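# Descriptive analysis of the structure
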Amino acid sequence: MNSIIPEFAVVGHPNEGKSSVLSTLAEDDSVRISPLPGETRECQTFPVFIDGREVVRFTDTPGFQNPRKTLQWIEKYEGSHETLVRDFIDAHKDNSDFQDDCRLFEPLLRGAVIIFVVDGSRPLRNIDKAEMEILRLTGCPRMAIINCKSEDTAWLAEWQAEFRKHFNSIRIFNSCQASYKERIELLKSLGAIDQELQPILSQVVAAFEEDWQERNRQAVELLLDLFEDGLDYSRSVTVKPGADEEALKERLHRDFVEFLRRREKKCHEQIQALYKHNIFNCELPSQSILQEDLFSEKTWEFLGLSSSQLIVAGALSGAALGAITDVAAAGLSFGIFSSLGALLGAAGVALKGQEFLSGSRFLGVTLDHHHLQMGPVKTIQLLFVLLDRQLLFYSHIINWAHGRRDYDMQAAEGENQLFKVGYTKDWDRRKVGICEHFFKALQNHEKSEDQDFRSPMAELLRKTLHEISSGSVQPFTSVLPSDR
Ligand SMILES: Nc1nc2c(ncn2[C@@H]2O[C@H](COP(=O)(O)OP(=O)(O)OP(=O)(O)O)[C@@H](O)[C@H]2O)c(=O)[nH]1
Ligand SMILES: [Mg+2]
């Protein structure tokens, strides 16, 4: 890559969302954001590193302090364009009335490109026009970003008309809601500000895209590890003479449930870090199905495959396994179950989801008179429930803009009536089949002999994460259950 590192200075009136825009663009949640104007008082540069190499930097600046007088001075200035910014700073650096104005000009001396941020949900004022005129007169390449802090779009047309007079490029960008896709599109449009910048910025965008794919690849490995650990889990205990077998089964069950809960939490933390959410908790909406416990009834009601998908999946897995030994089918003796064959096995898998959750009945398999074994899990729905939960979590994390901090987005997200219930209900036979093979490989302990059993599943997950981040698939939604 070219050794020139492009710099963008985010400037504007106080409290318009400059730091929020920067935080989202740079994916940096260490940027200071506050509801009180005047939060940013010094310029601070936030470099973006990819593979340890700085590719672009964004500089946060204080808001204009005295734009009218600054404009008056500039309009009277008789020197050349090239020396204007330097001369303004020299003339005002000791004047406390122009402290912030001097500071916000500093990055322009280094050749930074201007990103002017306004809140387009309020009316345009004369002071805004003065700020735009100042920036135009600096002669620096510049673009305007309309960051609407509320839903009010009544003033947008007026803003856009005014911007056309002063800026090379205009974008609407919501720093609190922007998705990965919108972020990349904004970066691409930065190249249009200045022809000289175009080739370097194309390389920056390519590096961002490659970095995103790499993060998705790493996310896939994290998901596969979680699924393997959960589905491959098996523990056995010795039953001593006179021991309470039911209590032992219950303990085995409890240990598994706890193990998987903790394991999933770890996976979530890793995903959060991978997508650079290091400081703030990307809080789930209160109505999210992910607020439910992994083993809650609602989770199993709304996530995973539908009954009809499950019957087919169960029939396949059951046939391949020879017999469903899962005590999800408890109540039926093992003998009856195997003699009825795969079809009944499938129905068992489909219908006994609730029993999966109901304690020791679900997986405590008696090996012989001396041992009890728990796992590996035979109920394929566990894989699909886990899958849906991780895909929903992934979607939540990647769409949580880094600039989003201190206000409730639920209304903005329009999620009040509907809630997301996963992706896998939409999956066709081919996709479900890939999951079945992965599941069966774990059941049959093919893991050590054939490391490659992960590849088709990895490919399916990579494509799915790509589709989620490019916005080409949406999760199924359902009407919010009334008791929530
Ligand atoms: N609802 C909503 N709030 C926003 C948006 N952008 C910024 N805010 C909020 O507006 C306030 C000001 O945001 P900052 O990013 O700190 O603004 P700033 O322009 O850097 O402010 P100063 O540093 O004080 O000049 C914060 O409370 C943000 O959370 C937005 O798009 N929507
Ligand atoms: Mg700020």
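Please refer to the structure placed before this passage.
The paragraphs below set out a description of the structure included in this document. The structure displayed is predicted, hence computed values, not measured ones.

### So, the environment of arginine 142
Relative to the helices and strands, arginine 142 is located in strand S5 (residues 142-146). The class of arginine 142 is buried, set by a relative accessible area of 10%. Sequence-wise, arginine 142 and phenylalanine 116 are 26 residues apart; in three dimensions their C-alpha atoms are separated by 7.3 Å. With sequence-adjacent residues up to four places away left out, arginine 142 is seen in contact with Ile114, Leu135, Arg136, His166, Phe167, Asn168, Ser169 and Ile193.

### Things to note about the environment of tryptophan 155
Relative to the assigned elements, tryptophan 155 resides in the loop between S5 and helix H6 (156-166). For tryptophan 155, the residues in contact, after removing those within four places along its chain, are Gly120, Ser121, Arg122 and Pro123.

### Points about the sheet that holds S5
In spatial order, the strands read S2-S3-S1-S4-S5-S6; together these six strands make up an open sheet with mixed pairing. Edge positions in the sheet fall to strand S2 (44-50) and strand S6 (169-172), since each has one partner strand and no second. For this sheet the average axis-to-axis angle between neighbouring strands, irrespective of direction, equals 25°. Contacts from helix H5 (residues 126-138) reach strand S1 (7-12), strand S4 (113-118) and S5 within the one sheet, and its direction differs from that of S4 by about 170°. Against the sheet, H6 makes contact with S4, S5 and S6, and its axis sits at roughly 175° relative to S5, the strand it touches most.

### As for the coordination of the magnesium ion (ligand 2)
Six octahedral donors around a metal ideally make angles of 90 or 180 degrees; four tetrahedral donors ideally make 109.5 degrees. Note on the magnesium ion (ligand 2): its protein donors are Ser19 (OG) and Thr40 (OG1). The metal-donor distances range over 2.0 to 2.1 Å. One end of the pair, serine 19, is in helix H1 (residues 18-26); the other, threonine 40, is in the loop between H1 and S2, with 21 residues separating them in the sequence. Comparing serine 19 with threonine 40, the two get one shared label, buried.

### Points about unusual backbone geometry
In the Ramachandran plot, asparagine 15 falls in the positive-phi region, its phi being about 70° despite a non-glycine side chain. The topology assignment puts asparagine 15 in the loop between S1 and H1. A positive phi angle, close to 55°, is found at aspartate 51, a residue other than glycine. Owing to a relative accessible area of 76%, aspartate 51 belongs among the exposed residues under this scheme.

### Side note on the nonpolar core
Within the largest apolar cluster, 100 residues are counted, with the highest numbers of intra-cluster contacts made by Phe227, Leu387 and Met457. The dominant element in this core, judged by the number of residues it contributes, is helix H8 (residues 198-231), at 14 residues. Setting aside chain neighbours within four positions, we find leucine 387 in contact with Phe227, Thr424, Trp427, Cys435, Met457 and Leu461. Ranked by size, the runner-up nonpolar core spans 33 residues in total, among them Phe64, Leu71, Leu108 and Val118.

### Digging into the packing of helix H7 (residues 180-190) against H8
Between H7 and H8, the shortest axis-to-axis distance is 8 Å and the interhelical angle comes to 165°. What the angle tells us is that H7 and H8 run roughly antiparallel. For H7 against H8, the interelement crossing comes out right-handed. On H8, the residues that touch Tyr180, Arg183, Ile184, Leu187, Lys188 and Leu190 of H7 are Leu201, Val205, Phe208, Glu209 and Trp212. When grouped by side-chain class, the residues that make up the contact of H7 with H8 number eight nonpolar, no polar and three charged.

Analysis parameters
- Residues numbered from 1 in each chain as written.
- Chains lettered and ligands numbered in written order.
- Predicted model: local features only at pLDDT ≥ 70, side-chain atom pairs only at ≥ 80, totals over all residues.
- Heavy atoms only, no water.
- Helix = DSSP H or I, 4+ residues; strand = E, 2+ residues; numbered from the N terminus.
- Buried < 20%, exposed > 50% of the residue type's maximum accessible area, 1.4 Å probe, protein only.
- Contact = heavy atoms within 4.5 Å.
- Pairing = 2+ DSSP bridges.
- Axes fitted to C-alpha atoms, helices over the stretch in contact; angles between N-to-C directions.
- Donors = N, O, S within 2.8 Å, 3.2 Å for Na, K, Ca; no water.
- Core = buried A, V, L, I, M, F, W, Y, C linked by side-chain atoms within 4.5 Å.
- Parallel < 35°, antiparallel > 145°, perpendicular 65-115°, else oblique.
- Left-handed = near helix turned anticlockwise from the far one by under 90°.
- Nonpolar A, V, L, I, M, F, W, Y, C, P; charged D, E, K, R; others polar.

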